[in-house]
Amino acid sequence: MDIADQNFVKKINQKLLLKEILQHAPISRAKLSERTGLNKSTVSSQVSTLMKEHLVYEIGQGESSGGRRPVLLMFNKRAGCSIGIDVGIDYVNGILTDLEGSILYEEQIKLPPSSPEVTIRKLIELIKQLITQMPSSPYGLIGIGLCIHGLVDAGEQIVFTPHSKWKNVDLKTTLQETFQVPIFIENEANAGAYGEKIFGAAKHYDHLIYASIGTGIGIGIIINHHLYRGAYGFSGEMGHMTIDFNGPTCSCGNRGCWELYASEKALFQSLQTDDQHISHQDLEQLAKLNDMKTLNALRNFGFYLGVGLTNVLHTFNPQAIILRNKVIESHQAVLHVIKEEVSSRMDTQFSSHVELLPSSLGHNAPVLGMTSLVIEAFLQDATLTT
Ligand SMILES: [Zn+2]
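Residues numbered from 1 in each chain as written. Predicted model: local features only at pLDDT ≥ 70, side-chain atom pairs only at ≥ 80, totals over all residues. Heavy atoms only, no water.

**Brief notes about the coordination of the zinc ion**
Taken together, His240 (ND1), Cys250 (SG), Cys252 (SG) and Cys257 (SG) make up the protein donors of the zinc ion, found 2.0 to 2.3 Å from the metal. Because the angles between the four donor atoms bound to the zinc ion fall within 104 to 120°, the donor set is best described as tetrahedral. For the zinc ion, the single-chain donor residues occur in sequence as H-x9-C-x1-C-x4-C. A single burial state applies to cysteine 250 and to cysteine 257, both of which are buried. (Donors = N, O, S within 2.8 Å, 3.2 Å for Na, K, Ca; no water. Tetrahedral: all angles 85-135°; square planar, octahedral: opposite > 155°, others 65-115°. Buried < 20%, exposed > 50% of the residue type's maximum accessible area, 1.4 Å probe, protein only.)

Structural data, given as structure tokens:
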């Protein structure tokens, strides 16, 4: 084997070992050898390299099976920091995490819909603020992952955002030039799906749908553990699926789109009067007082969601659908209506196996998904190119 091949094999082995340490730490070298099938001297020399690279460290001693007590290995989650950012319609949410995705610092700013220039200036300020909170570490900031409510193509360019009307914005290059670290840009529903898959309600599912229900409706699709982005990155725009072919015109050009009926925006519009704007707090208050109009609106919200989710279930046959929406997360009754509607429209062989669950990470699902994508890319890179 020539040197290039030998190096390649070493890197593959390091990656394999790092994966085992990440999943099974604390773990001994002997156990690593047993789990990976690599011989003890290979494990020993590659673990030394990972230790020199500050990715792995030793702790105390484990249980002995007779002889000398083994030293155990841990993944060094403090070797660097990652940043996850969610650019919403009227807010920017940012988190700073360690290499296991634990949040070290978080900050959310309110931002009225603005030009891309204003939003980008504000989000750069937010990232700089997150960076000032970083503890010192061997790798420092390993990357920034940012998601946005809109179309992001396969080259990570923001093609279009339906609500703030951004068109062809190359945020990736701007952020790369400003911060000199790897930048990842993703659609918000995809990011949320990944967050729930790695850290949240969907941890134990291989096939899942994440529905982000806000001003519009977007879904993130995970098939066989992997995000499905479509050929050009635009999968999951199911808010624009027609549920009423004679319905009102949507901003997308279609008529009777699902999100015109079942988005959170539609729910609030149905409650609003000319002289009264309804906030989340008002809705909570009115629901507590059993206000009939509010209870009916919540019921309709669940009904319309159930109609569209039935189509989603028929299309993807997932193990679970995770619903990201503040109202659903705090009103069991809405989830109940959704479930009722779905089961009344589907044969039990389709609907009985699927779990309909509220998001467990709430507004942090997308930022955790992004930080996780950054960390995975870093670990992949650290063990394949160093
Ligand atoms: Zn539409």
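Now, onward.
**Quick look at the pattern of salt bridges**
Counted by the stated rule, this structure contains eight salt bridges. Glutamate 340 is the partner of arginine 299 in a salt bridge, and the nearest nitrogen-oxygen pair spans 3.6 Å. On the criterion of sequence distance, the pair formed by arginine 299 in helix H10 (residues 292-316) and glutamate 340 in helix H12 (residues 332-345) is long-range, its members being 41 residues apart. The shortest N-O distance in the salt bridge between arginine 345 and glutamate 341 comes to 2.7 Å. In this pair, arginine 345 and glutamate 341 both sit in helix H12, four residues apart, roughly one turn of the helix. Looking at glutamate 341, the relative accessible area reads 14%, which means it is buried. (Salt bridge = Lys/Arg side-chain N within 4 Å of Asp/Glu carboxyl O. Helix = DSSP H or I, 4+ residues; strand = E, 2+ residues; numbered from the N terminus.)

**Digging into the side chain of glutamate 186**
With respect to the helices and strands, the residue glutamate 186 is situated in strand S11 (residues 183-187). The buried category is assigned to glutamate 186, whose relative accessible area is 6%. A distance of 2.6 Å separates the side chain of glutamate 186 from the side chain of arginine 229, its partner in a polar contact. In this view, glutamate 186 contacts Leu146, Cys147, Ile148, Val152, Ala191, Leu227, Arg229, Met370 and Leu373; residues no more than four positions away in its chain are not counted. (Polar contact = N/O pair within 3.5 Å; in protein donor to acceptor, adjacent residues only side chain to side chain. Contact = heavy atoms within 4.5 Å.)

**Some thoughts on the domain arrangement of the protein chain**
The domains assigned to the protein chain are domain 1 (3-75), domain 2 (79-192 + 365-385) and domain 3 (201-360). Using only C-alpha atoms to locate each centre, domain 2 and domain 3 end up separated by 26 Å. Opposite the 16 residues of domain 2 that make contact, domain 3 presents 16 residues. When the two sides are added together, the surface that domain 2 and domain 3 hide from each other amounts to roughly 1200 Å², 55% of it contributed by carbon and sulfur. (Domains from an automatic or database assignment. Buried area = accessible area lost by both parts, 1.4 Å probe.)

**Digging into helix H4 (residues 116-132)**
For H4, spanning 17 residues, the distance from its first C-alpha to its last is 24 Å, which sits close to the expected 24 Å at 1.5 Å a residue. Buried within H4 are the following residues: Pro116, Thr119, Ile120, Leu123, Ile124, Leu126, Ile127 and Leu130. Each buried residue of H4 sits inside an arc of 160° when the element is viewed along its axis, so together they form one side. The exposed residues of H4 that point more than 90 degrees off its buried face are Glu117, Arg121 and Thr132. Close packing links the buried residues of H4 with strand S4 (81-87), strand S5 (91-97), strand S6 (103-110), strand S7 (141-148), strand S10 (167-169) and helix H5 (171-179). (Expected span 1.5 Å × (residues − 1). Arc of directions from axis to C-beta.)

**Points about the packing of H4 against H5**
Running from N to C, H4 and H5 point in directions that differ by 40°, and their axes come no closer than 12 Å. The pairing of H4 with H5 is recorded here as oblique in orientation. Every pair of crossing elements has a handedness; the one defined by H4 and H5 is right-handed. Contact residues: H4 offers Ile120, Leu123, Ile124, Ile127, Lys128 and Ile131, while H5 offers Leu171, Thr174, Leu175, Thr178 and Phe179. Among the residues forming the contact of H4 with H5, the class breakdown is eight nonpolar, two polar and one charged. (Axes fitted to C-alpha atoms, helices over the stretch in contact; angles between N-to-C directions. Parallel < 35°, antiparallel > 145°, perpendicular 65-115°, else oblique. Left-handed = near helix turned anticlockwise from the far one by under 90°. Nonpolar A, V, L, I, M, F, W, Y, C, P; charged D, E, K, R; others polar.)

**Some details on the pairing of S4**
The side chains of a regular strand alternate, first on one face of the sheet and then on the other. Counting buried residues in S4 gives seven out of seven residues, a clear majority hidden from the surface. Here S4 shows no split at all, with Cys81, Ile83, Ile85 and Val87 on one side and Ser82, Gly84 and Asp86 on the other all buried. Bridging between S4 and S7 involves seven bridges; their strand directions are parallel. Bridge pairing in S7 links isoleucine 83 to isoleucine 144. Here S4 folds back onto S5 in antiparallel fashion, the turn holding three residues. (Pairing = 2+ DSSP bridges.)

**A word on the sheet that holds strand S8 (residues 151-152)**
Overall, antiparallel pairing links the three strands, which are arranged S8-S9-S10 in an open sheet. The open sheet terminates on both sides in strands that have one partner only, identified here as S8 and S10. Bridge analysis of S8 against strand S9 (residues 158-160) gives two bridges, and the strand direction is antiparallel. Paired with valine 152 across the bridge in S9 is isoleucine 158.

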